[in-house]
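Chain by chain, the residues run as shown.
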Amino acid sequence: MVEKYSEYIKIEEAVEIMLASVEADYPHIEEKNIFLSLRHTLAHDVFAARNVPHYVASAVDGYAIKSSLSMGASTSTPQYLSKGNFTWVNTGATVPSCFDCVVMVEDTSISEDNTTLILNKTLTPSANIRPIGEDVLCGQIIAREGDIVTPSLQSLFLASGLENVDVISFPKVLYIPTGDEIVYQKEWLKNEFIDPGNIVESNSLLVKGILKEWGLDVDVSDIIRDNAESLMNELLIETENYDLVLVGAGSAKGRRDHTFEAFRKIGKILFHWLLVKPGRPTLAAEINHKPIICLPGFPMSTLVAVLGIVYPLVQKMLGRTYKEDYLFDALKSNTILSTKLLLQHSSPPGISEWLRMKVAKVDDVTYSWSLTSAASSLWAISESDGISVLPYSSLEMEKGAAVNVYIQKNIELDKRAFFQGSDDPALQLLVSHIRSRGADFVSRTTGSLGGIAALSRGECHIAAAHLLDAETGIYNDSFIEQFKTDEHWNRILLFYREQGIILRKDNIKHISGIKDFFRPDVVFANRQPGSGTRVLFDYFLMKHNKTSEDVIGYQQQCITHMEAANRVLIGLADLTLGIKSVADALGLDFIPLALEPYELLIPEKHMSHPGILALLDSISDLKWRTKVERMGGYRWTN
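The shown structure was predicted, so the numbers you read here are calculated from the model rather than taken from an experiment. (Residues numbered from 1 in each chain as written. Predicted model: local features only at pLDDT ≥ 70, side-chain atom pairs only at ≥ 80, totals over all residues. Heavy atoms only, no water.)

Looking only at helices and strands, the protein chain features 18 helices and 38 strands. Radius of gyration (C-alpha) of the protein chain: 35 Å, far over the 26 Å computed for a compact globule of 638 residues. Expressed along its principal axes, the backbone C-alpha trace of the protein chain runs to roughly 115 × 80 × 45 Å. The burial tally for the protein chain puts 50% of its 638 residues in the buried class. In the protein chain, 75% of the contacts between residues at least 6 apart in sequence involve partners at least 24 apart. (Helix = DSSP H or I, 4+ residues; strand = E, 2+ residues; numbered from the N terminus. Rg over C-alpha atoms; globule rule 2.2 N^0.38 Å. Buried < 20%, exposed > 50% of the residue type's maximum accessible area, 1.4 Å probe, protein only. Contact = heavy atoms within 4.5 Å.)

Among the secondary structure elements, H561 is positioned in helix α15 (residues 561–569). Here R497 takes part through its side chain, which lies 3.5 Å from a polar atom of the side chain of H561. Looking at H561, its side chain comes within polar contact range of the side chain of R527, at 3.4 Å. (Polar contact = N/O pair within 3.5 Å; in protein donor to acceptor, adjacent residues only side chain to side chain.)

On to the sheet that holds strand β18 (residues 218–220). A sheet is described by the order of its strands in space; here seven strands give the open sequence β1-β20-β22-β23-β19-β15-β18, paired in mixed fashion. Both outer strands of the open sheet, β1 (6–9) and β18, are each paired with one neighbouring strand and no more. For this sheet, the mean inter-axis angle between neighbouring strands, taken without regard to orientation, is 20 degrees. Judged from the four bridges that link them, strand β20 (residues 268–274) and strand β22 (residues 283–287) form a sheet pairing that is antiparallel. (Pairing = 2+ DSSP bridges. Axes fitted to C-alpha atoms, helices over the stretch in contact; angles between N-to-C directions.)

Looking now at the packing of aromatic side chains. In the structure shown here, the tally under the stated rule is 17 aromatic pairs. On the numbers, 5.8 Å between centres and 80 degrees between planes, the contact of Y63 with F86 is edge-to-face. Taken together, the residues Y63 in strand β6 (residues 62–65) and F86 in the loop between β7 (79–82) and β8 (87–89) connect sequence positions 23 residues apart. The same class applies to Y63 as to F86, namely buried. Aromatic side chains Y539 and F540 sit 6.0 Å apart centroid to centroid with 55 degrees between the ring planes, which places their arrangement in the tilted category. Residue class for Y539 comes out buried when judged on its relative accessible area of 18%. On the basis of relative accessible area, F540 is assigned to the buried category, the value being 12%. Geometry around Y242 places K172 over its ring, the cationic atom sitting 5.2 Å from the centre. Sitting above the plane of the W636 ring, R625 keeps its charged end 4.2 Å from the centroid. (Phe/Tyr/Trp six-rings, centres within 6.5 Å; stacked < 30°, edge-to-face > 60°. Lys NZ or Arg CZ within 6 Å of the ring centre and 35° of its normal.)

In terms of nonpolar packing, the biggest core is built from 50 residues, with W214 and F271 touching the most fellow members. Put simply, the parts of the chain that give this core at least two residues each are α1 (11–22), β15 (173–177), α4 (203–213), β19 (244–248), β20, β23 (290–295), α7 (299–317) and α8 (327–330). When residues in this core are grouped by element, the largest group, twelve residues, is from α7. Beyond its immediate sequence surroundings of up to four residues, W214 is in contact with V306, L307, V310, Y311, V314, R320, A330 and K332. Among the nonpolar cores identified, the runner-up in size contains 36 residues, and A426, V582, A583 and Y598 belong to it. (Core = buried A, V, L, I, M, F, W, Y, C linked by side-chain atoms within 4.5 Å.)

We now examine the sheet that holds β8. Strands sit in the order β8-β6-β9 across an open sheet of three strands; the sheet is antiparallel. With one partner strand each, in any of the chains shown, β8 and β9 (101–104) form the two edges of the open sheet. Each strand axis lies, on average, 40 degrees off the axis of its neighbour in the sheet, ignoring direction. The sheet contact formed by β6 and β8 spans three bridges and is antiparallel. Opposite G62, over in β8, you have V89 as the bridge partner.

It is worth spelling out the pattern of salt bridges at this point. In total, this model carries 29 salt bridges according to the counting rule given. Between E498 and R635 there is a salt bridge, and its shortest N-O distance comes to 3.4 Å. Here E498 is found in strand β34 (residues 489–503), whereas its partner R635 is found in strand β38 (residues 634–636), with 137 residues between them in sequence. Judged by its relative accessible area of 13%, E498 is buried. The exposure class of R635 is partly exposed, given its relative accessible area of 41%. (Salt bridge = Lys/Arg side-chain N within 4 Å of Asp/Glu carboxyl O.)

Position of V46 relative to the elements: it lies in strand β4 (residues 46–47). Between the C-alpha atoms of V46 and S74, which are 28 residues apart in sequence, the distance is 47 Å. Not counting the four nearest positions on each side in its chain, V46 is found in contact with Q140, I141, I142, A143, F157, L162 and V165.

Right under this line is the structure:
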C-alpha cells in the first residue's frame, strides 16, 4: 500500500496539517508553583484566596485619631487632642480599631512633652485609611484564562495567598543535529584547522535563540551521524521524553539524507517539500503521537521553517491563539515598514520567497533591497534589518514596487545615511564610529559608476568613485559631469589607495606584471562592469592593445574586492586586480600598479543629514585613521 502524504504544498497548508496533528493532545495543563510560573499561560481564571490588605492599614505617615475630634480644625482654629486620643502610625501599619482615620504628619504638630497633638485639618471617617480588601477581595478574579504570567501577576498571586496556579505546560523541545560533516561547537573553536567540507554545528544556536525569544527552552542532543538506524533509535527514545522534536538537515535527496526514510519506517509522514524559497525540503512526521519536523540544513532555510511552521505549532501547544499574520509576533518585529523596492526582483513561479532586507530613507522615500539570496549565508541573516515575504503570485517585482518589511532592529531611518558606490573595507570601518555619534550608515556595493548613477536619481545620500578616464588620464571628473544634476555635489577626497595585482604567495606561475594577464595559462577574476577597478583594468587592456578575448576569465564578475581575491585564494583564479588591504587581509601577495584617488560625493541638500554629519566628523577621527593605516595600502590626502 502506498503511503499518502502531502507534497509540494504551500506553507499555510503545512501549518494546518501540523495543527491538526496535535489537536487532540494539546495543550497540557499542570499545577505550577507561582515562583515558577513566569511566562506560562493560565489554564483557568484565578481567584484570590485572601483580602489584600487583610487588615485596616494606614495610607500615610501620621497619627491615627477619631475623625469626630477633628471637627472644625484648621490652621487658624487648631484642635488639641490629649494623650490617648491619638497614636503614631507608619505607612502600611495597622490602624487600631478605636480610631477611624489618619491625619498626615504635615497637618499636625506635637507638644514638647509629646502629650498633646495639634490638628490643623478637619478629617472625615476613613481618611488616609486602606480598608480590608481595598486592593483585592477574597474570591475576586485576579487573572483570567489565557493571560500570560508576568512578574506583576506573580507578586499579586503571592499577596493574594496563592501558592500554585493552573497553567499550560511549556512543550519540551529537542533539537537533533545530524550529518557526518557536522563539527561540535567546542571542537570547532578549539581546532585551528578544520577539514574542507566540514562545518560547525551552528543551527542549534539559531533555533535555541529564536525559541528562547518565544519563552521556550530547547535541549540539544549529540550529533547523529549519517546513519538511518541511529536516527531511528534516537527518535524512538526521545519522542517518549519530548513533546516536539526538530531534526537538523537530511531532508533532501542526497545520498546521506536518511531522515525521510527514518521518519517513514517508524512514523507517519505528514508532508514533504514546501512551495517556499528557501526552505523547500522541509519535512514533517508523527512518531509516537509526537510532531517531528526536519529543518533543512542551510541557516536561512532553517529560519523559514522555524518561523513559518514551528511558531504556529508551539502556539497551539501552548493553548494560545495567533494572528493570521503571525510572522509579526514570530519575528518579534517592532513594526511592518512599507517600502519601495530599490531593484527589480524575480521569483520562481508559484513560490513564496523570503528575503533578508536592508532599508534606508532618502528624502521622503523609504527603499528596501534584498541581501544575498543564498540560503547558507549567516551574515545576511545577521546583517538584515528584517524579513520580507513575497506572495506566491509575485514573479517579477519591478523596481519601485511596494514591499512590506518586518523590521527586527531598532532603526532611526531619519538618522541613517545610505551609501551606494565603490566597495572599500575602510568605509565599513566607519560604521561603528558613526553609530557612536548617534547616527547610522548603511551601504550597498554597486561599483563607482552605479553609485554615481544612483546619486543622480536621488536613491542615496552619498556615493564614492575612483573612475579613470582612459582618454584624459584624470579620475572621476568626466563621469561626475555626465551624471551630475543641477544641484551642487560636494567632492571629498578621502584618501589614495593602492591598486595592483593580487596573487597567491607561492606564485607558481611566476606572475610579475600586466603582461601576465594575457597568458593562456593564467585565469583572471574580473570585477563587475561600472566598478572603478574594472574601468582601470580596461584602461590597461587599451594601453597594451589587448581586448577582453585576450584574457582568460574576463567574463567572471565579482561584486567586491574581497570576492575577487577569494577566488584567487581558493584557486578558482590565478590573479585579480584589487586593493592592497584586501590582499593583506587574505594573506595574498600584491604587486602595486596604481595609486588612485577615492572620492566621496555628497549632494549639498544632504550635508546637514545626521548620518552625513556623523560621517564627516568620523573621517577625521584618529582612531578610524589608525585602523585604516593598519590595513595597509592607503595614503592620506595631506
